[in-house]
Amino acid sequence: MAKKIIIVGGVAGGATAAARLRRLSEENEIIMIEKGPYISFANCGLPYYIGEVIKDRDQLLVQTVEGMSKKFNLDIRNLSEATGIDRERKTLTIQKVDTGETYEETYDTLILSPGAKPIIPPFKGLEEAENLFTLRTVPDTDKIKGWVDDQTPEHAVIIGGGFIGLEMAENLVHRGVKVTIVELGSQVMAPLDYEMAAMVHKELKKHGVNLIFNDGVKSFEDRGRKILLESGRSIASDLTILSIGVRPENDLAKKADLEIGDRGGIVVNEHLQTKDEHIYAIGDAIEVKDYIQQTPAMIPLAWPANRQGRLVADHIHGQTVSYSGSLGTSVAKIFDLTVATTGNNEKLLQALQKDYEAIHIHPASNASYYPGGSPVSLKLLFNPTTGRILGAQGVGVKGVEKRIDVIATAIKGDLKAADLADLELAYAPPYSSAKDPVNMAGYVASNVIDGEVSVFHYHEVSDLLAEGEIIVDVREQKERENGAIEGSIHIPLGELRNRLSELPHDRPVYVHCQVGLRGYLATRILTHNGYQAKNLSGGYKTYESAVQA
């Protein structure tokens, strides 16, 4: 029996659902309602058009109204806003944006995919600011690019250090603009833990980006040309991008008395149905489950929205499918760096009071003897008792996203941390090493889980030294000359066996090298000789990155 299905919102989730619905049935009447002029566009590519990395604006338009209508036999009504749902009568009230005309449409099934909107706090002077923009849609992009093209700003301020803010920073620098990022927290890119974000800070500074942390906007003055911060500091700005984050577009759902979660997302079941079984919701507007912890989360990313769109279409057509949650796997290009994450970070695990351990490694992206390689800094989080992988983060120039994707797949396949060592991954010198960085993360995690080595972390160093503990640097003298932990003692690895008498037996000996490998070897020597030994995770490289950021 044919159904009448209305989809509110296009882009990733809504457009995917519409296309899948048509592939599953030629009989259904499918109507798509979109408030804006474009139904499907590459919102992840918008900063790169502003930066003129993407030259052709049309490349941003994944599907046009005319093209998608014909290809999938859809009734697409753009510049139309859904303003109300009558759940008893199963009707949707729609208003034409250009004329204000209002009418109703009945539905058998309704899919809500309204997305999210930028967070815009009520800053003093906001309304008068002429040079202030947000970036979410193609029209937003046109406004910002037009301003950059016409006004040729010298100084830009980006409020917020999330993915969009950093991508905008890079692309404005490409356009010759000096950029300052103002971030209320202590780091950019919240999915990263601090020591990993510190590597991104270094990259941003290398390209001339000014970073202001632990400070926020108080007001805008001189029609936005002057920004006053909470600290009392003022910044001149020719262009300001508000990139604080997004919140779900939930007004329609609220008015329909659908359940809304604490974070503002529309609450759905495992089939992506709201509390009204005839109304589904997908994409950035919904509250999802964290895949690992099964706790409520807001994860506004493209892959979940696309996947949810397909699953909803399948469920409407009677298939037994469900959405198991979002891992939050993501990647971003920050100048020459690739930054990627999957799963939980330490901040979340600590907030949930979960038992976890972390290891850091810095292997090369490919065989060290082959030219063009560079370090891949990986952090792996896992349960030290069960070995369950809880999350991973990677920063580097080359090969980062490949490793994070493998670990994300391992999580979905319920592999344990030790299983990473057993993965048979593609190898040739230009691409990897015989022991891939993912394998190395598995080996190191196995050593910790099996009790072969104990680790300590960069943030513990200052307290250990203050308590009079001994930290031994087993690197060579030339390495120490380039930087060392103040208060550490120096015993090169090659001399350690002959100088064991210099170390105490009655308390732990804390060891470090440059990246962790020699420190591990040192702990084995010490352990076999009756010492308690711990190795600094990630070595001096991780410590230096975090402490000197």
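Now for a description of the structure that goes with this document. The residue numbering used here restarts from 1 in each chain and proceeds along that chain's sequence as written. Given that the model is predicted, a residue must reach a pLDDT of at least 70 before its local features are reported, and side-chain atom pairs must reach 80 or more before they are shown or counted; all residues, however, enter totals for whole chains, interfaces and linings. The side-chain numbers reported here are obtained from all heavy atoms of the structure, hydrogens and water having been left aside.

### Some remarks on the nonpolar core
Turning to step 1, where the next piece is worked out: Here the nonpolar core consists of buried residues drawn from Ala, Val, Leu, Ile, Met, Phe, Trp, Tyr and Cys, with membership extended through side-chain atoms lying within 4.5 Å. Only protein chains enter the accessibility calculation, which uses a 1.4 Å probe; a residue is then buried when its area is under 20% of its type maximum, exposed when over 50%, and partly exposed in between. Met68, Ile85, Leu92, Leu110, Ile111 and Leu112 are the most contacted members of the largest nonpolar core, which has 49 residues in total.
Turning to step 2, where the next piece is worked out: Among residues more than four places away in sequence, those in contact with isoleucine 111 are Ile5, Ile6, Ile7, Val8, Ala17, Leu21, Tyr280, Ile282, Val312 and Ile316.
Turning to step 3, where the next piece is worked out: Met189, Leu192, Ala332 and Val395 belong to the second-largest nonpolar core, a separate cluster that totals 39 residues. Working rule for contacts: check all heavy atoms of both residues, and any pair within 4.5 Å makes them a contact.

### Structural notes on the environment of lysine 71
Turning to step 1, where the next piece is worked out: Topologically, lysine 71 is positioned in helix H3 (residues 65-72).
Turning to step 2, where the next piece is worked out: Sequence separation of lysine 71 and leucine 135 is 64 residues, and the distance between their C-alpha atoms is 30 Å. Labels follow the DSSP assignment, with helices taken as runs of H or I lasting at least four residues and strands as runs of E lasting at least two, numbered in each case from the N terminus.

### Concerning helix H4 (residues 138-151)
Turning to step 1, where the next piece is worked out: Counted at 1.5 Å a residue, the expected span for H4 with its 14 residues is 20 Å, and the 19 Å between its end C-alpha atoms agrees.
Turning to step 2, where the next piece is worked out: Along H4, the positions that sit buried rather than exposed are Val138, Asp140, Thr141, Ile144, Lys145, Trp147 and Val148.
Turning to step 3, where the next piece is worked out: Against strand E3 (40-41), helix H2 (46-50), strand E4 (61-63), strand E11 (132-133), helix H5 (163-174) and strand E18 (239-242) lie the buried residues of H4.
Turning to step 4, where the next piece is worked out: A positive backbone phi angle near 40° is found at threonine 152, which sits one or two residues after H4. Residue count minus one, scaled by 1.5 Å, sets the expected span of a helix.

### Some details on the pairing of strand E1 (residues 4-8)
Turning to step 1, where the next piece is worked out: Taken across its five residues, E1 has five buried, putting it largely inside the fold.
Turning to step 2, where the next piece is worked out: What you see with E1 is no split at all: Lys4, Ile6 and Val8 on one side and Ile5 and Ile7 on the other are buried throughout.
Turning to step 3, where the next piece is worked out: Pairing of E1 with strand E2 (residues 29-34) involves five bridges; the strand directions are parallel. Note on E2: the bridge partner recorded for lysine 4 is glutamate 29.
Turning to step 4, where the next piece is worked out: A clockwise path from the first strand over the helix to the second, with the strands pointing away from the viewer, defines a right-handed crossover. Remark: the E1/helix H1 (residues 11-24)/E2 crossover connection has right-handed handedness.
Turning to step 5, where the next piece is worked out: Two strands are said to pair when DSSP picks up at least two bridges between them. Summarising the sheet, E1 and strand E9 (residues 109-112) pair through four bridges and their orientation is parallel.

### Focus: a positive patch on the surface
Turning to step 1, where the next piece is worked out: Residues Arg23, Arg307, Arg310 and Lys412 make up a contiguous surface patch of positive charge.
Turning to step 2, where the next piece is worked out: Checked against the element boundaries, arginine 307 lands in helix H8 (residues 302-316).
Turning to step 3, where the next piece is worked out: On the basis of relative accessible area, arginine 307 is assigned to the partly exposed category, the value being 34%. Grouping into patches uses exposed residues only, defined as over 30% relative accessible area, and leaves out salt-bridged ones; the cut-off is 9 Å for like charges and 5 Å for nonpolar side chains (Val, Leu, Ile, Met, Phe, Trp, Tyr). Computed with the Shrake-Rupley method and a 1.4 Å probe, the accessible areas treat only the protein chains shown as cover for residues. Criterion for a salt bridge: a side-chain nitrogen of Lys or Arg within 4 Å of a carboxyl oxygen of Asp or Glu. Only four residue types enter the tally: Lys and Arg on the positive side, Asp and Glu on the negative side; His and the chain ends are excluded. By convention, the point assigned to a charge is CZ for Arg, NZ for Lys, CD for Glu and CG for Asp.

### Topic: the sheet that holds strand E8 (residues 102-106)
Turning to step 1, where the next piece is worked out: Judged by pairing direction, the sheet is antiparallel, and its three strands sit side by side in the order E6-E7-E8 without closing on themselves. This sheet does not close on itself; its edge strands, each paired only once, are strand E6 (80-86) and E8. The mean inter-strand angle of the sheet, taken between neighbouring strand axes irrespective of direction, is 30°.
Turning to step 2, where the next piece is worked out: Sheet topology places E6 next to strand E7 (residues 91-96); six bridges connect them, and they run antiparallel. Its bridge partner lying in E7, aspartate 86 is registered against threonine 91. Geometry is summarised by axes, namely lines fitted to C-alpha atoms with helices restricted to the contacting stretch, and by angles between N-to-C directions that run from 0 to 180 degrees.

### Considering unusual backbone geometry
Turning to step 1, where the next piece is worked out: Of note in the backbone geometry, aspartate 222 takes a positive phi value of approximately 50° without being a glycine.
Turning to step 2, where the next piece is worked out: Of note, aspartate 222 is situated in the loop between strand E15 (217-221) and strand E16 (226-229).
Turning to step 3, where the next piece is worked out: Even without glycine at this site, phenylalanine 335 takes up a positive phi of about 55°.
Turning to step 4, where the next piece is worked out: With respect to the helices and strands, the residue phenylalanine 335 is situated in the loop between strand E24 (330-334) and strand E25 (337-343).

### Let's talk about the side chain of asparagine 28
Turning to step 1, where the next piece is worked out: Here asparagine 28 shows up in the loop between H1 and E2.
Turning to step 2, where the next piece is worked out: The contacts of asparagine 28, once residues within four sequence positions are left out, are Met1, Ala2, Lys3, Ile5, Arg22 and His317.

### Observations concerning the sheet that holds strand E26 (residues 357-361)
Turning to step 1, where the next piece is worked out: The sheet built from five strands is open, its strands ordered E24-E25-E28-E27-E26 with antiparallel pairing. One side of each edge strand has no neighbouring strand; the edge strands of this open sheet are E24 and E26. Strand-to-strand, the axes of this sheet are offset by a mean angle of 10°, without reference to chain direction.
Turning to step 2, where the next piece is worked out: Sheet analysis places E25 next to strand E28 (residues 389-396), joined by six bridges and oriented antiparallel. In the sheet register, glycine 343 faces E28, and the bridge partner there is glycine 391.
Turning to step 3, where the next piece is worked out: Contacts between helix H10 (residues 400-412) and the sheet are confined to E24, E25, strand E27 (376-382) and E28, with E28 contributing the most and set at about 175° to the helix.
Turning to step 4, where the next piece is worked out: Sitting on the sheet, helix H11 (residues 437-449) touches E26 and E27, and the angle it makes with E26 is about 140°.

### Examining the environment of proline 304
Turning to step 1, where the next piece is worked out: By the secondary structure assignment, proline 304 is in helix H8.
Turning to step 2, where the next piece is worked out: A relative accessible area of 6% places proline 304 in the buried class.
Turning to step 3, where the next piece is worked out: Residues proline 304 and aspartate 56, spaced 248 residues apart in sequence, show a C-alpha to C-alpha distance of 27 Å.
Turning to step 4, where the next piece is worked out: Not counting residues within four places of it along the chain, the set of residues in contact with proline 304 comprises Ile299, Tyr323 and Ser326.

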